[in-house]
Structure formats: C-alpha cells, structure tokens
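Residue-level structure breakdown
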Amino acid sequence: MTSHLLLERKSTWWLNPRVGGPTFTLPGERDVQFWLWERNDGISVVVIPIPPATLRVLTEETVQIVWDIEEAECDESAKVYVGAGKDIFEIMRGAGQEIRRGLGYKDELQIRSQQADEPLAFYDFLGIPISVVLIDDGWQNVTFDQQMKDMDMNDKFPADYAIVEELKKKYGVKWVGIWHTLIGYWNGVDPNGQLAKKYKLSKIKRKDGTALHVVSAHDVAKFYSDWHGKLAETGIGYIKVDEQAFFDSVVGQESTVLWKAYQNALMACSKDQGIIWCMSHSPRVLFHTMLGAFGGSQWKEKYKKEESHTWHVYSNAMNSLFLSSLSSNVLMDWDMFQSSHPYSRFHAISRALSGGPIYISDTLGTHSSETLAPLHITAHGRTIRLPHPATPSRATLFIDPTKTDTLFKISNRTAGGNIGLLGVFNCRGTSCAGTISVRDVDGLAPRDEKEGKEGKDYAMRFFHQEVAMLVGWDEEVPVKLEKRDGELVVVARLESGPPAKGGDIRVACFGIANKYTGSQALASTAWSTAADGSRTYTARLSVRGVAGFYVLAETAPITHIGSLTTVSATAVETQTWGPGDKTRAWWVLVDGRVNGTEVLEEMEARLVWK
C-alpha cells in the first residue's frame, strides 16, 4: 500500500475522510466504512464492508473485519466487497452495481428535492424568484427537554399551516417542505403530551446513559401515516427527515427492531412525498434504505471556525466518491451556505458542481446578488443541475488539502460527457499555487492523436478570471488562488469545421457563459456548408442566455440569429503554427436573452463564416 483513503465513522451519522501513505495514522481503534488504497504497481483497490460487517483499523498496519452481533439476524453472514483495477472511478461505478446486485436491489425510484431559505420578500426585491422553500427546525411545539408535544405549529406561526398556501400565492413558490427528526424531535416524544395518548411509546436507553421516549415499533407506521398525511393536506410537498442514524446510539436488540420499523414507515410515506435523508451515514441506512430508494449526503458544520468551511467542501467531495457509487438514485446534498459570507464564492462553486440542490440560509438583508447570479436562471429561479455527482480529481484523491499546500480539485461533466467542469479550491490559510490539466476531469476521453495542431484539442475557460485558452490533454496550467478563493474551470473539446479555402476553423461551445453550470444547457452542435461555400456552426441550447464560444479561425464569425440576438467577438490570443498561418483565437458571445433576462426557452446560436 503506497497511499490510502478511509471514511471512518466519526459519529453514528457522519463519515470522516482520512488520507495517508503506507500505514494508517488513526488515533486508536476506529470503525471504517470505506477503504480505498493504491498499490506500488499502480493498481487501486477498494474495500467496502456490507452491514452487519464493518472494518476496524486496529494498528498502523492491521485492519479487522468485525461482525456486529447486535445488528445481525441469526442467518446473516458477513460480506465485504473488494474491487481492483487501474481506473479508480470505474472501480467505484462497478462497486455500486455489484453491491446492489448482491443485495437484490434495483434502481427504480428517484426522488429529487431542492430548497431555498427565507425570507422571500427580500429575494423578491432582489429579483431572485424562489421556487422551493424549506421550513427548517424551530416550527414545532416542543417541551423544554426538546420533546415533541403534538403535530401543530408553534406560536411563531400564528396562522398555523396556512403559511404554506401564503408562500405559494404571495411569492409563487411551487414547493414548500418541512423539517423534523426521525423520532419527532431531538429527544423524542413527550410522554405526558397529546401524542402519548394516541400512540404507544417505548422508553429506550442510549449508549451515553440517557433515556427518552419514542413512538413504538408497533405504532410508528400509523404515526407517520397520520403525521405526513396531515402535512400533505396542508400543501407540504416534501419533508427533510433529520437524525436518520439515531437508533445506532440505542442500546440492545431493540435498536434493530426500531430502526427497521421507522425506516419502513418512512419509505411508505416517500411514495407520496419527497423525502430528504439527513444525518444518514449509518451503514444500516446506506445499505438498506438508500439502496432501495433515495439518499442524500450531507456534512453539516456550524461554521463557527474558519477552517470548517474548507473542511466542509473537502469532506463532502470525498463522501461523494463513495456514496454516489451506491445508487443512481442518490442525489448528493452538500447543505446550505450564506451568499454574503467571506467564503460564499468558495461554497457557491462547490454547490454548483455537486449535482445536488442548492440551499441558501441568509439572514434578512444580507443576500448577495453577485454570488447568487451565476447559480440560477433569472426569470425562473431555476438552477441548471448537473446530472452526475461531483468527485475529487485523481491528482488530489490521497491528499488532505486542509493540511498540505496543494489546491483541491473536484470535477463533474455534462449529460453528454463532452464538457468537463473543474472546481479548484484553496483550502489553506494563505495563498496557494498549483497546476490543473484536462486529465483532472473524470470521464473526459483523451484526444485523438490524428486531430489538432500540436495536440491541442481543448479549450479551457476560467469563469471568474475571464480567461480562455487552448490546451492539450497533458498540458499543466498554473493556477494561484488567494485565501478563501475558488475558481470554476470549464473544459470543452474543439470541433473542426468542414474543409474550405477560407482556412481551418475549430470551435468549442461552453453553453451559457455567465452561469456556473451553463454548459449543461448545451443540447447539441453541428457544422453545415451552404451552396455559396459559407460554413455555419450551430449550437442548440435549452436556455435563452449569453452563449460563449472559443473559436480558432483567421476571421471572426458573423451571425444570422434574429433581432433578439446580438454577437460580439474578441481576439483573446494569437495562435500561429508556422509561416503564413493567420489563425487567431476568438472569444465569441452570442446574446439570446429576452430584454436582458435569461429564460427557459430553446435557443439556436449560429456562427457563420462567408
């Protein structure tokens, strides 16, 4: 073993990334849910224990397979998945398929939810339409000991559940969600309250010695059916269920009986309402509930310490490598951030790349339009979500960027896989420098040896630095970022036009150029030649916005789009390949917005050379 990545169980509900070299450096014995390591011959190996089995790191060089008797049924045996190969990401995709097949699961159900936070009036003032809202912790009637009293809203909401329809009618919100914990509230149910009169309660003991009451396994299906049914009647469209790993903290065999009953009850409700699984990194939840339906990954920090922001992004990316392989139904949830915080751009880029929902938790009057603008389509309050979960780049997989002076890189790609997106982050307390390359994007095919001049077949664009350049597959591009800074780099392959007397033309379309994930709006591209010899490059997009193109040609293109579309071309650099070569690099923008606003309508942008 030359290097390794572990996901240890930091608590009953979170997986914590740990990286190292030939030996383990964990402080004492630790349970591990995921182990990826690299051999000296370049082969990578992944080891994933299937509950009730787990891995336990005992010493610097010793890992033990442990079978948890409390969690196991009498006829269960310990299972561990092991995969090996040269491509780490292919190994991970294969691991999920084999585990699902071995456990008898099929990818059938997909539940997707997004959320944005209050207050809507200020978002409306900023011109940011909100389509999805979550009513988070703080709405329930609870005791001083944090126990749930009943199913009503507290006096912070004098109109009770009428707030749901108000949000929809006043602000045009389409989906309103609500939060609660798996057992009702943080410390269960009030044994002297209204719920105790209607549902049988069980008194349970936690491993820390505390005791509390929860709805019994016998009655929890009725409890959830009644509660979620009431929420549905009021217009609630989805529910965020927190503390999913709670029963891992309960002593005795009753823990197994209760967690199965609760997860079954929750799954029954998910058929009618979207469910977000939160604090759910329990192996029992990951390998049973989530494999059969939907799951989210979330590393939640309180952001009281500055270093927690960089750790938040790093931890989510490393967990995404493992969790996204388990099921195609898993939608990664990287949690909320504040748009006016010093780390706002750092977080915004990572959430755009994550492939999951985007949460904003600003206080009144502190929203930053500058931070939010690249995340959504102006006229509709919609994001352009990438179809894949983000993963850490191969180059930084076995390095902890919060402890070493190296740039952290995570990547994603568009639905067609032709355009790559690379997030580059400085996770250190001072400025940090490094390099990036096309190879940092998982899933992009290497160049064709027969194409391109000097093997440079890709255009690379830095979103915030507003720099575009021609690069080769193996070319290392230097990058320097200041403290708290992040950058989004989009990589697109150049497409060669039909041969003609006017010289070679090569074009790369970046989609909607002023949105982080605007490349996902690119539906198709095509070259054509007219009878008069003019050549046309047509890009079809799902959004009317500002489309960006990197062009290699002797002259700038013209356009025939219509009165609503304008075009501008700027020479960004000179590229020549020998005497007499007049090729130049152009950055071309085609503005298809309607009255200066992006809208969700199809658009065709055509670049024409006469």
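Scroll up a little and you will see the structure.
Anyway, here's the lowdown on the structure attached to this text. All of these numbers come straight from a predicted model, not from anything done at the bench. (Residues numbered from 1 in each chain as written. Predicted model: local features only at pLDDT ≥ 70, side-chain atom pairs only at ≥ 80, totals over all residues. Heavy atoms only, no water.)

Our next topic: the overall build of the protein. For the protein, the count of helices and strands is ten helices and 33 strands. Looking at the protein as a whole, 56% of its 610 residues are labelled buried. Looking at the protein alone, contacts between residues at least 24 apart form 69% of all its contacts between residues at least 6 apart. Accessible area of the protein: about 25300 Å², with a carbon and sulfur share of 49%. (Helix = DSSP H or I, 4+ residues; strand = E, 2+ residues; numbered from the N terminus. Buried < 20%, exposed > 50% of the residue type's maximum accessible area, 1.4 Å probe, protein only. Contact = heavy atoms within 4.5 Å. Areas by Shrake-Rupley, 256 points an atom, 1.4 Å probe, with all protein chains shown as cover.)

Moving on to the environment of Gly443. With respect to the helices and strands, the residue Gly443 is situated in the loop between strand S21 (432–436) and strand S22 (458–462). Accessibility expressed as a relative area gives 44% for Gly443, which makes it partly exposed. Considered as a pair, Gly443 and Arg413 are 30 residues apart in the sequence and their alpha carbons are 7.5 Å apart. Contacts of Gly443, omitting those with residues within four sequence positions, involve Arg413 and Gly417.

Within the open sheet, the three strands sit side by side as S28-S29-S33. Their pairing is antiparallel. What marks the edges here is a single partner per strand, and that holds for strand S28 (522–529) and strand S33 (603–609). Pairs of neighbouring strands in the sheet enclose a mean axial angle of 15°, with direction left out of account. (Pairing = 2+ DSSP bridges. Axes fitted to C-alpha atoms, helices over the stretch in contact; angles between N-to-C directions.)

The next point concerns the pairing of strand S24 (residues 477–481). The two faces of S24 differ: Val477, Val479 and Leu481 on one face are buried, but Pro478 and Lys480 on the other face are not. Relative to S24, S21 runs antiparallel, the two being bridged by five bridges. Bridge pairing in S24 places Thr435 opposite Pro478.

What sets the pattern is the α-helix's 3.6 residues per turn: residues three or four places apart point alike. Counting buried positions over the eleven residues of helix H9 (residues 344–354) gives ten, a clear majority of the element. Taken from the residues just after H9, Gly355 is the one with a positive phi, measuring 85°.

Right, let's talk about empty space enclosed by the protein for a bit. Where empty space is left becomes clear once a probe the size of a water molecule has been rolled over the atoms. Applying the stated criterion to the full structure yields six cavities of 30 Å³ or more. Taken as a whole, the second largest cavity holds about 80 Å³ of empty space. If you trace the second largest cavity, you find 13 residues lining it, with Ala352, Ile358, Thr383, Ile384 and Arg385 closest to the centre. Counted by class, the lining of the second largest cavity contains seven nonpolar, four polar and two charged residues. (1 Å grid on protein atoms, 1.4 Å probe; cavity = no way out; pocket = protein on both sides within 12 Å on 5 of 7 lines; lining within 4 Å. Points joined across faces, edges and corners; volume = space filled by probe spheres on them. Nonpolar A, V, L, I, M, F, W, Y, C, P; charged D, E, K, R; others polar.)

A word on the side chain of Lys409. Note that Lys409 resides in strand S19 (residues 408–413). Assessed through its relative accessible area of 6%, Lys409 is described here as buried. Contacts of Lys409, omitting those with residues within four sequence positions, involve Pro392, Ser393, Ala395, Thr396, Leu422, Gly423, Val424, Thr435, Ile436 and Asp440.

Spatially, four strands are ordered S8-S11-S14-S15 in an open sheet, and the strand pairing comes out parallel. The strands lining the two open edges of the sheet, one partner per strand, are strand S8 (132–135) and strand S15 (274–277). The mean angle between the axes of side-by-side strands here comes to 25°, regardless of whether they run parallel or antiparallel. Pairing of strand S11 (residues 175–181) with strand S14 (residues 238–242), which is carried by five bridges, proceeds in the parallel orientation. The partner of Gly177 across the bridge, within S14, is Tyr238. Contacting S11, S14 and S15, helix H5 (residues 220–233) runs over the sheet at an angle of about 150° to S11. Strand contacts of helix H6 (residues 254–270): S14 and S15, with the helix running at about 140° to S15, the strand carrying the most contacts.

Attention now goes to the pattern of salt bridges. Per the counting criterion, the structure on display carries 21 salt bridges. For Arg428, the salt bridge identified is with Asp405, shortest N-O distance 2.9 Å. On the criterion of sequence distance, the pair formed by Arg428 in the loop between strand S20 (419–425) and S21 and Asp405 in the loop between strand S18 (391–392) and S19 is long-range, its members being 23 residues apart. We note a salt bridge from Lys515 to Glu598, for which the minimum N-O separation is 3.6 Å. With Lys515 in the loop between strand S27 (506–512) and S28 and Glu598 in the loop between strand S32 (584–591) and S33, this residue pair connects regions lying 83 residues apart in the sequence. (Salt bridge = Lys/Arg side-chain N within 4 Å of Asp/Glu carboxyl O.)

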